[in-house]
Amino acid sequence: MKVAKFGGSSVASAEQLRKVASIIQDDKERKAIVVSAPGKRFSDDIKVTDLLIELGEAYFNKQAYEQQLQAVLERFREITAELHISNDVITEIKASVESILESNQTDAIKMDALKATGEDSLAKVLSAYLQSLGLKASYLNPKEAGIIVTDNPGNAQILEESYAELYKLREREEIFVIPGFFGYTNDGTLNTFSRGGSDITGSIIAAGVQADLYENFTDVDSVYSVNPTIVENPKEITSLTYKEMRELSYAGFSVFHDEALIPAFKADIPVCIKNTNNPNGIGTIIVSKKEPQPNPVVGIASDTGFVSIYVSKYLMNRELGFGRKLLTILEDEDISFEHTPSGIDDLSVIIRESHLPKEKEERVVARIKEVLNPDTIHIDRDLALIMVVGEGMDSTIGLADKATNAFAKANVNIEMMNQGSSEVSMMFGIKTGEVKEAVKSLYETFFTE
Ligand SMILES: Nc1ncnc2c1ncn2[C@@H]1O[C@H](COP(=O)(O)OP(=O)(O)O)[C@@H](O)[C@H]1O
Ligand SMILES: N[C@@H](CC(=O)OP(=O)(O)O)C(=O)O
């Protein structure tokens, strides 16, 4: 059995849904179908999920939300009309939105239920369309499928106990269409995964049913060695290991959610990234092992929105518990950290900017000063991370030299460098405004010279 997940761009319009149906019809092994909510049809379009979030925010701020609701309904109205299927879903969305807003749940739970309406409705629409084409297909709610998650609105995690229930889906004869992006807690409350989380649902289902393949259909022919919005026509990657893809998606390859690799990896299910608009292309395959390559670098990823807390103190290396105390302050403040590059007398903690908003900064700095009495402490905002990734990099001589030369060629100052903890990547911190130039120069160095 294959699991096929279709992303927002693949289900954005009736025209795209026709391609989806034809891909499903092309291979009878494609029985477990996971869908996102309708995404962007053109670059300035608004994703249905974003409309639903705007709707929720307007409601919570006691503002009118009619405009956002109508925009969501219009997207579905257009799709059902063009596919010549029933438009019952319009009435269902209206009723569901009203009942979510009037429920006596917390705002966070209401917001998750609103967000999930996009995926849920699209799954119903696609299954109705497949039926109209004469296929045996049905909608399957994640609760009925057995997706049980932790109680973390907007950031749920799958619970291991789900997998035994999901395995039973193998017995189903007909195609089932599951909405991606959300599951249910043990007490039956809907919680969504983080943004882009339909990829996670696909991976969970693939692991649960022990699929032969998890196909992730999107709007590009493959995973490219660098973000195609930064470098034109970059080199395609035909195969990647889970570890490489995990690092690349963590560092900005938004084509596949970084958390989505774990379930497939644990169950050893190969993942294939393919294009809905070119389904016969070979795509990119993600597996556990691959042959060593002469150029071990497979990709260069970049992401912005990081902050660094830099602390220095003479003889820090001798001060027992220094690192622990610093990280305890962050834990107390509910701040998770990404990396901690360090020297003899200094330590930086890299954090996502969203976890250390300006209003928390003063308090955190004051606490660090009080508890650790450092010689210096400063916060650098506007930090971007660049990862150069590839299995075998750790045993190849001269790669760091090549990389630093590429930064120098682009006239970009390296604020921070981290190599060693991960066997498959080198990480660099630079100023956000310099990302594009740096990535272009690294790409030229590693892929065109
Ligand atoms: N290295 C990369 N390779 C391919 N696509 C990438 C890469 N980095 C970023 N992307 C972007 O990811 C997009 C696909 O991801 P996403 O928008 O989440 O798709 P979907 O709508 O299928 O969920 C591509 O259109 C591309 O702009
Ligand atoms: N619709 C959700 C989940 C998702 O995975 O979407 P997409 O496939 O468009 O990345 C979001 O926008 O976050």
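Please read these numbers as outputs of a predicted model, since none were measured by experiment.

Conventions adopted
- For every chain, the first residue of its written sequence is number 1, and the numbers climb from 1 along that sequence.
- Chains and ligands are labelled sequentially in the order written, the chains with letters from A and the ligands with numbers from 1.
- For this predicted model, a pLDDT threshold of at least 70 governs which residues receive local features, and a threshold of 80 or more governs which side-chain atom pairs are given and counted, while totals over whole chains, interfaces and linings are taken from all residues.
- Side-chain figures throughout are based on the complete set of non-hydrogen atoms in the structure, without hydrogens or water.
- Helix and strand assignments follow DSSP, with helices taken as H or I runs no shorter than four residues and strands as E runs no shorter than two, numbered in order from the N terminus.
- C-alpha atoms define the radius of gyration, and 2.2 Å times the number of residues to the power 0.38 defines the globule rule.
- For every residue, the accessible area (1.4 Å probe, protein chains only) is compared with the maximum for its type, and the residue is labelled buried under 20%, exposed over 50%, or partly exposed between those bounds.
- Contact between two residues is taken to exist if any of their heavy atoms lie within 4.5 Å; hydrogens are not considered.
- Values of accessible area rely on a 1.4 Å probe in the Shrake-Rupley scheme; residue burial ignores everything except the protein chains shown.
- The convention is simple: Lys and Arg are positive, Asp and Glu are negative, and His and the chain ends are not counted.
- Charged groups are reduced to one reference atom each: NZ for lysine, CZ for arginine, CG for aspartic acid, CD for glutamic acid.
- Two aromatic rings, drawn from Phe, Tyr or Trp (for Trp, its six-membered ring), form a pair once their centres lie within 6.5 Å of each other, and the interplanar angle then sorts them: stacked below 30 degrees, edge-to-face above 60, tilted otherwise.
- Here, over-ring charges are defined by two tests on the NZ atom of lysine or the CZ atom of arginine: distance to the ring centre within 6 Å, and angle to the ring normal within 35 degrees.
- A cutoff of 4 Å decides nearness: a residue is near a molecule or strand if any of its heavy atoms lies inside that distance of it.
- Under the rule applied, a polar contact is a pair of N or O atoms within 3.5 Å (in protein, one hydrogen donor and one hydrogen acceptor; residues adjacent in sequence only if both atoms are side-chain atoms).
- When residues are grouped by polarity, Ala, Val, Leu, Ile, Met, Phe, Trp, Tyr, Cys and Pro land in nonpolar, Asp, Glu, Lys and Arg in charged, and all others, Gly among them, in polar.
- How sure the predictor is of each residue is captured by pLDDT, a score from 0 to 100.
- Domain limits in this description derive from either an automatic procedure or a database domain assignment.
- We define buried area as the total accessible area lost by two parts upon association, computed with a 1.4 Å probe and summed across both.
- Put simply, a salt bridge is a Lys or Arg side-chain nitrogen that is within 4 Å of an Asp or Glu carboxyl oxygen.
- A helix is expected to span 1.5 Å for every residue after the first.
- Each residue is assigned a bend, namely the angle between axes fitted to the seven residues that terminate at it and the seven residues that start at it.
- By definition, two strands form a pair when at least two bridges between them are found by DSSP.
- Note on geometry: axes are C-alpha line fits, over the in-contact stretch for helices, and angles between N-to-C directions span 0 to 180 degrees.

Another point: the overall build of the protein. When helices and strands are counted, the protein shows 14 helices and 17 strands. Taken over the C-alpha trace, the protein has a radius of gyration of 23 Å; the compact-globule value for 449 residues is 22 Å, and the two agree within 12%. Oriented by its inertia axes, the alpha-carbon framework of the protein measures out at about 70 × 55 × 40 Å. Counting over 449 residues, the protein shows a buried share of 53%. Residue pairs at least 24 apart in sequence account for 73% of intrachain contacts in the protein once pairs closer than 6 positions are excluded. For the protein, the accessible surface area stands at approximately 20,400 Å², while carbon and sulfur atoms represent 47% of it. Treating the 46 positive side-chain charges of the protein as one cloud and the 69 negative ones as another, the clouds have centres 1 Å apart.

The full count for this structure, using the stated rule, is eight aromatic pairs. Geometrically, the ring pair formed by Tyr-59 and Tyr-65 is edge-to-face, given 6.0 Å between the ring centres and 70 degrees between the ring planes. For Tyr-59, a relative accessible area of 28% translates into the label partly exposed. Its relative accessible area of 17% is what places Tyr-65 among the buried residues. Put simply, the rings of Tyr-59, Phe-60 and Tyr-65 pair up and form one aromatic cluster. Positioned above the aromatic ring of Tyr-184 is the side chain of Lys-143, whose terminal nitrogen or guanidinium carbon lies 4.7 Å from the ring centre. The ring of Phe-176 has Arg-172 sitting right over it, with the charged end atom 5.9 Å from the ring centre.

Once that is clear, we can look at the site of ligand 1. Near ligand 1 lie 17 residues; those nearest to it are Ser-9, Thr-218, Asp-219, Tyr-224 and Phe-253. One of the side-chain N or O atoms of Asp-219 is found 2.8 Å from an oxygen atom in ligand 1. The contact in question runs from a nitrogen atom of ligand 1 to an N or O atom on the backbone of Tyr-224, over 3.0 Å. Coverage of ligand 1 by the protein chains reaches 81% of its 570 Å² of free accessible surface. Put simply, the parts of the chain that give the shell around ligand 1 at least two residues each are strand 7 (213–218) and strand 8 (223–224). When its residues are assigned to classes, the shell around ligand 1 shows eight nonpolar, seven polar and two charged.

Moving on: unusual backbone geometry. One non-glycine residue with positive phi stands out, namely Leu-315, at about 70 degrees. When you line up the elements, Leu-315 lands in the loop between strand 13 (299–312) and helix 11 (322–332).

Moving on to the confidence of the model for the protein. Looking at the protein as a whole, its pLDDT mean stands at 95, while 99% of the residues score no less than 70. Across the assembled chains, the prediction reports ipTM 0.98 with pTM 0.92.

Let us look at the domain arrangement of the protein. One can read the domain layout of the protein as domain 1 (2–287) and domain 2 (299–448). For domain 1 and domain 2, the distance between their C-alpha centres works out to 33 Å. Facing the 17 residues of domain 1 at the interface are 22 residues of domain 2. In total, about 1,600 Å² of surface goes out of reach between domain 1 and domain 2, with carbon and sulfur atoms giving 65% of it. Viewed at the interface, domain 2 and domain 1 are joined by zero salt bridges. Between domain 1 and domain 2 we count nine residue pairs in polar contact (both at pLDDT 80 or more) in total. Per-element accounting of the side of domain 1 that touches domain 2 gives the leading share, five residues, to helix 9 (residues 242–250). Across the side of domain 1 that touches domain 2, the residue classes break down as eight nonpolar, five polar and four charged.

This part covers helix 5 (residues 107–132). Across its 26 residues, helix 5 extends 38 Å between first and last C-alpha, which sits within 8% of the 38 Å expected from 1.5 Å per residue. Of all the bends in helix 5, the greatest, near 35 degrees, is centred on Thr-117. Where burial is concerned, most of helix 5 is hidden: 20 out of the 26 residues are buried. Once helix 5 ends, the next one or two residues include Gly-134, with phi positive near 90 degrees.

Neighbouring ligand 2 are the residues Lys-5, Gly-7, Gly-8, Ser-36, Lys-47, Thr-49, Glu-119, Phe-181, Arg-195, Gly-196, Gly-197 and Ser-198. Take Ser-36: an N or O atom from its side chain is 2.6 Å from an oxygen atom of ligand 2. A distance of 3.4 Å is found between an oxygen atom of ligand 2 and a backbone nitrogen or oxygen belonging to Gly-197. Computed on the free molecule, ligand 2 has an accessible area of 340 Å², of which 89% lies beneath the protein chains in the complex.

Looking now at the sheet that holds strand 16 (residues 416–419). Reading across from one edge, 14-13-15-17-16 is the order of the five strands in this open sheet, with antiparallel pairing throughout. In this open sheet, the two edge strands, each paired with only one partner strand, are strand 14 (346–352) and strand 16. Sheet twist, expressed as the average angle between the axes of neighbouring strands with direction ignored, equals 30 degrees. As defined by bridge partners, strand 15 (residues 376–389) adjoins strand 17 (residues 425–431) across seven bridges and the pair is classed as antiparallel. Bridging across to strand 17, Leu-383 finds its partner in Lys-431. Along the sheet, helix 13 (residues 399–409) contacts strand 15, strand 16 and strand 17; its crossing angle with strand 17, the most-contacted strand, is approximately 20 degrees.

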